[in-house]
Amino acid sequence: MKQKLESLLQDAVTALQNQGILDADVSARIHIERVRDPLHGDFASNLAMLLAKPAKMNPRQLAEKIVALLAGDSAVSKVEIAGPGFINFFINPDSQFQIVKQIHDAGARFGLSRIGAGKRVQVEFVSANPTGPLHVGHGRGAAYGSAVADLLEAAGFEVEREYYVNDAGRQMDILATSVWLRYLEACGEVFTFPSNGYRGEYVRDISASLYQKAGELYRHAAEQVFAEIPADEPQGGDKEKHIDALIERAKQLLGTEQYNAVFQAGLDDILADIKDDLQDFGVSYQQWFSERSLMDDHSVQQALQRLDAAGFLYQQDGATWFASSRLGDEKDRVVVRDNGQTTYFASDIAYHMNKLDRGFDQIVNIWGADHHGYIPRVKAAMQALGADESKLKVLLVQFAVLYRGDEKVQMSTRSGEFVTLRQLRDEVGKDACRFFYVMRKSEQHMDFDLQLATSKSNENPVYYVQYAHARVCSVLRQFDEKGRQRNWQLGFEHLNLLVAEQETAILTTLSKYPEILERAAVYYEPHQLIHYLRELANQFHTYYNAHQFLVDDERLCNARLNLICAVKQVLVNALTLLKINTPETM
RNA sequence: GCGCUUGUAGCUCAGCUGGAUAGAGCAUCGGCCUUCUAAGCCGAGGGUCGCAGGUUCGAGUCCUGCCAAGCGUGCCA
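Residues numbered from 1 in each chain as written. Chains lettered and ligands numbered in written order. Predicted model: local features only at pLDDT ≥ 70, side-chain atom pairs only at ≥ 80, totals over all residues. Heavy atoms only, no water.

**Student:** How should the overall build of chain A be read in this particular structure?
**Tutor:** Looking only at helices and strands, one finds 21 helices and 15 strands in chain A. Dimensions along the principal axes, computed over C-alpha positions, put chain A at roughly 90 × 65 × 40 Å. When the 586 residues of chain A are sorted by exposure, 52% land in the buried category. Sequence separation of 24 or more characterises 73% of the internal contacts of chain A that already satisfy a separation of 6 or more. (Helix = DSSP H or I, 4+ residues; strand = E, 2+ residues; numbered from the N terminus. Buried < 20%, exposed > 50% of the residue type's maximum accessible area, 1.4 Å probe, protein only. Contact = heavy atoms within 4.5 Å.)

Written out as structure tokens, the structure reads:
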């Protein structure tokens, strides 16, 4: 409908230009919007106000000229000029009814769009370090990222979901060392666990199964392990130096092969847990991309060579730097440390080069907001590599600040004090989790009160929407139980009986769904879909309370049932997209 | 210090990307179950859109400057 009105207006503008009233080079983006107040009709355009200045006419006068040139259309019952120069369109009620039939015919496909057809987009999200289970902060990224990916798919894009696995680097060495030390404890060795090691219970679990499988194969005496290791922080030393020395000792005592075995045991276990967790949360990926693979196939070296060839690398203080400040970054960044190891950033340059090489039309990265300072350097790297950095869109997700009642919950993966996504799902359920997470705009800071979220109270808005669906199902059951026969055709023929204000409101809201879906997709804003669902559910509940559906009049009854089936279909479509269940009874 | 994000009702948040009289939920108060599920509905109160300027027919929305909160500002990832 919007498109139809836009083309009508476009034709009128062209006619004005042909008449010489408007210069041919004047162009205004034709903007049609839904109106809030029904007195102003159904759609409005501000075109006349935008063109008033270039046309050197006052807006209302111009609006009259535009309206006079507007071709008639059966769907438009009336066009008015109002206010400072709005052109208001009133839609023919008969054409409003058609939406019920359209939804019925399209079924699960109702609302899908083709604006992304032929375009490939990659969405990378979560990508949490495999050093521990996902926590509630990752949960928001998971819910948001998968919703964005699913929305893009609904808009016709070919979507590839990817998880970047940071299976290289110092943090992973700390994990491997932590696993080994807990393993030594399981063997009976006694020592003080490093303050900077991973202290979570899951590390002990990994160590325990390692002990079961390998026996004492990796055992070394505690005295040997800790000999001449610099003191830990609680003993007045430096926790970083302490753990780094322990990593070196582990590599030295175990040898490459055994160290890698311990390392792999930790990685495999945690990655399997993460995959399992996400699966249960309704999140799936086409690709799990390993950081180490970029090193193994020399992609990192190649990327650095390309930067060097482009003249963006230089040596200083024993390290190799990327001159990112020449391309908008605050300062230059190290890509090869003075100890010869490449940095995480170097991997990321190679990773983004790899993404570009895969030929996506659009690359979407979803990061925690704490990584925002990282964007300029990645874009700088893409530019330095001669790539079109506008293909990269970075979406930031603010971390949820966790409260338990009034008390703020401090989280740190290493200390092991965190609420896991799995715990949250067990307590609140998947549906409420997903709904809650994408209810807010992603860049909005979010207070997550566990007491509230974990309470099974009706304060959780997901129940409100699901209940609307369950009520429709209940009505349909009652109808069947009365032994009555559904007559769809009769209902469609008498949709014009649906003239109650609640029915008109629902018809309008139903017709908005494709627009909402499209907008939510192109702006990466799944919360818009949530808000739409609440509006639709609200209108249904209001309708339910105001009118009886199962009336004796077969024509009215079938028309109403057809309408609420359309409501049900849209609820199902939207909730299914968000991976939220649609229970038939509650 | 600098950078990014945020600031809208008592609380949590929307606000169709510059449009017409700023909206929901929760909380508070008052109504509605002999009628398809009361996890619901109806009504009331509640606002200097952080503050001050600016841009224009029009600003919660854009620009500038302040104020406040969170994050970032590693040869960690």
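**Student:** How do you make sense of the sheet that holds strand β6 (residues 158–165) when you look at a structure like this?
**Tutor:** Pairing within the open sheet is parallel, and its five strands lie in the order β7-β6-β5-β11-β12. Each edge of the open sheet carries a strand with a single partner, namely β7 (287–290) and β12 (392–397). Neighbouring strand axes in the sheet, compared pairwise and without regard to direction, differ in orientation by 25° on average. Looking at chain direction, strand β11 (residues 362–368) and β12 are connected through six bridges and run parallel. Each residue of the ladder has a partner; that of Ile-366, found in β12, is Leu-395. In the packing of helix α5 (residues 136–154) onto the sheet, the strands contacted are β5 (120–124), β6, β11 and β12, and the crossing angle to β6 comes to about 155°. (Pairing = 2+ DSSP bridges. Axes fitted to C-alpha atoms, helices over the stretch in contact; angles between N-to-C directions.)

**Student:** What should I look at first to understand the packing of α5 against helix α15 (residues 430–439) in this one?
**Tutor:** A pair of packed helices is captured by two measures, namely the crossing angle of their axes and the spacing between those axes. One way to put it is that α5 packs onto α15 with a least axis distance of 9 Å and a crossing angle of 80°. In terms of orientation, α5 and α15 fall into the roughly perpendicular class. Of the residues in α15, those in contact with Val-136, Gly-139, Arg-140, Ala-143, Tyr-144, Ser-146 and Ala-147 of α5 are Arg-434, Tyr-437 and Val-438. For the contact of α5 with α15, the per-class residue count stands at six nonpolar, two polar and two charged. (Parallel < 35°, antiparallel > 145°, perpendicular 65-115°, else oblique. Nonpolar A, V, L, I, M, F, W, Y, C, P; charged D, E, K, R; others polar.)

**Student:** Could you clarify how one ought to interpret the protein's contact with RNA strand B in this entry?
**Tutor:** Taken together, 69 residues lie around RNA strand B, and Arg-440, Tyr-464, Tyr-467, Ser-474 and His-547 are the ones closest in. Within 4 Å of the protein, atoms of RNA strand B come from sugar and phosphate in 63% of cases. Contact distances for RNA strand B include 2.6 Å between a base nitrogen and a side-chain N or O atom of Asn-88. Residue Tyr-523 places a side-chain N or O atom 3.0 Å away from a base oxygen belonging to RNA strand B. Elements with a contribution of two residues or more to the surface near RNA strand B: α2 (47–55), β4 (86–91), α6 (170–187), β9 (319–322), β15 (446–449), α17 (461–481) and α20 (527–546). Grouping the amino acids of the surface near RNA strand B by side-chain chemistry returns 24 nonpolar, 25 polar and 20 charged. (Near = heavy atom within 4 Å. Polar contact = N/O pair within 3.5 Å; in protein donor to acceptor, adjacent residues only side chain to side chain.)

**Student:** Can you walk me through the domain arrangement of chain A in this structure?
**Tutor:** Note: interface size is frequently given as the accessible area lost on complex formation between the parts. Per the domain assignment, the segments making up chain A are domain 1 (2–91), domain 2 (120–164 + 283–397), domain 3 (170–280) and domain 4 (457–577). Each of domain 2 and domain 3 has a C-alpha centre, and these two points are 28 Å apart. Domain 2 puts 13 residues into the contact, and the matching count from domain 3 is 16 residues. Of the roughly 1300 Å² buried at the junction of domain 2 and domain 3 (both faces included), carbon and sulfur atoms supply 67%. (Domains from an automatic or database assignment. Buried area = accessible area lost by both parts, 1.4 Å probe.)

**Student:** Sorry, what's going on with the nonpolar core here?
**Tutor:** General note: in soluble globular proteins, nonpolar side chains tend to be found buried as a group. Of all hydrophobic cores here, the largest spans 135 residues; its most connected members are Trp-180 and Leu-510. Per-element accounting of this core gives the leading share, 16 residues, to helix α9 (residues 239–280). Beyond its immediate sequence surroundings of up to four residues, Leu-510 is in contact with Ile-99, Ile-103, Phe-110, Tyr-532, Leu-536, Leu-563, Ala-566, Val-567 and Val-570. (Core = buried A, V, L, I, M, F, W, Y, C linked by side-chain atoms within 4.5 Å.)

**Student:** Just to check I follow, could you spell out the side chain of Asn-573 for this structure?
**Tutor:** Along the chain, the position of Asn-573 falls in helix α21 (residues 554–577). Leaving out residues up to four positions away in the same chain, Asn-573 has contacts with Gly-107, Ala-108, Phe-110 and Tyr-513.

**Student:** Can you walk me through a nonpolar patch on the surface in this structure?
**Tutor:** Residues Ile-115, Val-522 and Tyr-523 make up a contiguous nonpolar surface patch of about 270 Å² in total accessible area. Looking at the element boundaries, Ile-115 is found in the loop between α4 (93–106) and β5. Judged by its relative accessible area of 38%, Ile-115 is partly exposed. (Patch = residues over 30% accessible without salt bridge, like charges linked within 9 Å, V, L, I, M, F, W, Y side chains within 5 Å. Areas by Shrake-Rupley, 256 points an atom, 1.4 Å probe, with all protein chains shown as cover. Salt bridge = Lys/Arg side-chain N within 4 Å of Asp/Glu carboxyl O.)

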